[in-house]
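Close look at the chain arrangement
Chain by chain, the residues:
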Amino acid sequence: MNRYIKKLITDPSGYIQSNLRELKYQVNQWYYSGFMHIVLALKGVRANKAVFYNKSNFYRCPESTIKIGQNCIFDSSKHHNMIGVNSCCIVATLSKQAQLTIGNASGFSGVKIGCFQSITIGDDCLTGANVLITDSDWHPIDPARRHEFGEDAPIATRPVKIGNNVFIGVNSIILKGTTIGNNSVIGAGSVVSGTIPANVIAAGNPCKVIKSL
Ligand SMILES: CC(C)(COP(=O)(O)OP(=O)(O)OC[C@H]1O[C@@H](n2cnc3c(N)ncnc32)[C@H](O)[C@@H]1OP(=O)(O)O)[C@@H](O)C(=O)NCCC(=O)NCCS
């Protein structure tokens with residue numbers, strides 16, 4: 001008997017809903033990838049062969065750069081990966097000098113990336129749902145200047161560098177000045193500020209190395 005028929009007989013409702021789901025997201029991916037490539041071209045963002053589920057929100061500040069390698073995935077669908085994506089992917093450069101670079105084949109689910117100076121993310125990274133990555137405090141720390149915004153405001157920024165094949169757990173926050181070495185894993189819900197070496201598992205708030213890989 002055909003393998004597919006055998007599966008259907010074993011669990012008809014399970015296999016029918018799973019195939020319908022697959023079809024739904026094939027169509028979603030096809031439609032939104034086409035749409036997003038037009039939007040990104042108009043915004044001056046390079047994202048060769050990127051795949052999109054639902055609409056992502058990209059903003060490129062004039063004169064800044066957003067470069068995305070080949071075959072990245074931006075998942076903004078609330079239900080596609082079943083982990084609970086809270087909002088669409090938001091990828092933004094927020095100053096003229098900002099440089100955001102993402103390598104090849106990295107995947108993002110409802111990620112928020114806010115780049116004021118420099119954020120580099122390597123190849124093959126997996127970024128769990130709702131992760132925030134930013135290289136800036138967004139507001140001045142000095143109480144007297146706290147409400148200033150714009151180019152002359154004294155807002156602290158420090159580059160963020162995430163290596164290749166890094167896996168960042170769901171709901172983690174990557175703060176300014178963070179470096180994460182190749183292959184490392186950041187536990188779910190971590191708050192990372194500083195340097196995490198290559199080939200380790202690190203977790204918690206503040207994020208600390210818990211074991212080597
Ligand atoms: C970090 C992680 C990979 C560690 O898994 P593990 O190697 O099996 O580690 P363990 O469960 O044995 O935990 C080891 C220690 O780290 C702690 N720990 C594990 N994950 C942690 C986390 N996210 N935050 C804080 N501490 C954590 C454990 O409490 C334990 O502490 P103890 O030794 O004092 O008891 C896993 O906990 C995790 O967070 N996975 C990410 C899941 C995820 O977000 N997926 C993305 C889906 S989109």
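This report concerns the structure included in the present document. Throughout, a residue's number is its position along its own chain's written sequence, starting from 1. For this predicted model, a pLDDT threshold of at least 70 governs which residues receive local features, and a threshold of 80 or more governs which side-chain atom pairs are given and counted, while totals over whole chains, interfaces and linings are taken from all residues. Hydrogens and waters are ignored; side-chain quantities use all the structure's heavy atoms.

**Observations regarding the pairing of strand β6 (residues 90–93)**
Regular strands place side chains that alternate from one sheet face to the opposite one. Here, any two strands with at least 2 DSSP bridges between them count as paired. In this description a helix means any DSSP run of H or I spanning at least four residues, a strand means any run of E spanning at least two, and both kinds are numbered starting from the N terminus. Both strand β3 (residues 57–60) and β6 contribute to a ladder of four bridges, which runs parallel. Within β6, the position partnered with Arg 60 by the bridge is Thr 93. Sheet topology note: the β6/strand β9 (residues 112–115) ladder contains four bridges and is parallel. Its bridge partner lying in β9, Thr 93 is registered against Cys 115.

**Regarding the site of the ligand**
Residue proximity to a molecule or strand is established when one non-hydrogen atom of the residue lies within 4 Å of it. The full set close to the ligand counts 14 residues, and Ile 83, Val 170, Ala 188, Ile 210 and Lys 211 are the nearest of them. Ala 188 is positioned such that a nitrogen or oxygen atom in its backbone is 2.8 Å from a nitrogen atom of the ligand. Between the ligand and Lys 211 there is a distance of 2.9 Å, counted from an oxygen atom to a side-chain nitrogen or oxygen. All amino acids are sorted into three groups, where Ala, Val, Leu, Ile, Met, Phe, Trp, Tyr, Cys and Pro are nonpolar, Asp, Glu, Lys and Arg are charged, and the leftover types, Gly among them, are polar. In terms of residue class, the shell around the ligand is built from nine nonpolar, four polar and one charged. The term polar contact refers here to a pair of N or O atoms within 3.5 Å; inside protein, the definition further demands a hydrogen-donor-capable atom paired with an acceptor-capable atom, and it admits residues adjacent in sequence only when both atoms are side-chain atoms.

**Here's the deal with the layout of surface pockets**
Buried and open spaces are told apart on a 1 Å grid over the protein atoms alone, a cavity being a set of points where a 1.4 Å probe fits but cannot get out and a pocket being an open set with protein on both sides within 12 Å along at least five of seven lines. Residues with an atom within 4 Å of a point are the lining residues. Grid points are joined across faces, edges and corners, and a volume is the space filled by probe spheres set on the points. Counted as a void, the largest pocket has a volume near 290 Å³. Forming the walls of the largest pocket are 13 residues, and the residues nearest its centre are Leu 94, Ser 95, Phe 116, Gly 150 and Glu 151.

**Points about the pairing of strand β4 (residues 65–68)**
Side-chain alternation along β4 places Ile 66 and Ile 68 on a buried face and Thr 65 and Lys 67 on a face that remains uncovered. Sheet analysis places strand β1 (residues 46–47) next to β4, joined by two bridges and oriented parallel. Residue pairing for β4: Arg 46 is matched across the bridge by Lys 67. Judged from the four bridges that link them, β4 and strand β7 (residues 99–102) form a sheet pairing that is parallel. Looking at β7, one finds that Lys 67 is bridged to Thr 101. Buried means the residue's accessible area, taken with a 1.4 Å probe over protein chains only, is under 20% of the maximum for its type, while exposed means over 50%, and partly exposed covers the values in between.

**With respect to helix α2 (residues 12–43)**
Here a helix's expected span is defined as the number of its residues, less one, multiplied by 1.5 Å. For α2, spanning 32 residues, the distance from its first C-alpha to its last is 46 Å, which sits close to the expected 46 Å at 1.5 Å a residue. Every buried residue belonging to α2 is among Gly 14, Tyr 25, Asn 28, Ser 33, Met 36, Val 39 and Leu 40, and all of these are buried. Throughout, a contact is declared for two residues whenever any of their heavy atoms are within 4.5 Å. In this fold, the buried residues of α2 make contact with β1, β2 (51–53) and β3. Count one or two residues on from α2 and you reach Gly 44, which has phi positive near 70 degrees.

**Regarding the sheet that holds β2**
The strand order across the open sheet formed by eight strands is β2-β5-β8-β11-β14-β17-β20-β21, and the pairing between neighbours is mixed. Unpaired on one side and paired on the other, β2 and β21 (208–212) mark the two borders of the sheet. Inspection of the sheet shows strand β8 (residues 107–109) paired to strand β11 (residues 126–127) by two bridges, in the parallel sense. By the bridge assignment for β11, Gly 107 is matched with Leu 126.

**Considering the nonpolar core**
Across soluble globular proteins, nonpolar side chains have a tendency to be buried as a group. The biggest cluster of nonpolar side chains holds 37 residues, and the ones touching the most others in it are Phe 74, Ile 113, Ile 133 and Ile 162. Among the elements of the structure, α2, β4, β7, β9, β10 (118–121), β13 (160–162) and β20 (200–203) are those that each provide at least two residues to this core. Joining through side-chain atoms within 4.5 Å is the link that ties buried Ala, Val, Leu, Ile, Met, Phe, Trp, Tyr and Cys residues into a set, and such a set is a nonpolar core.

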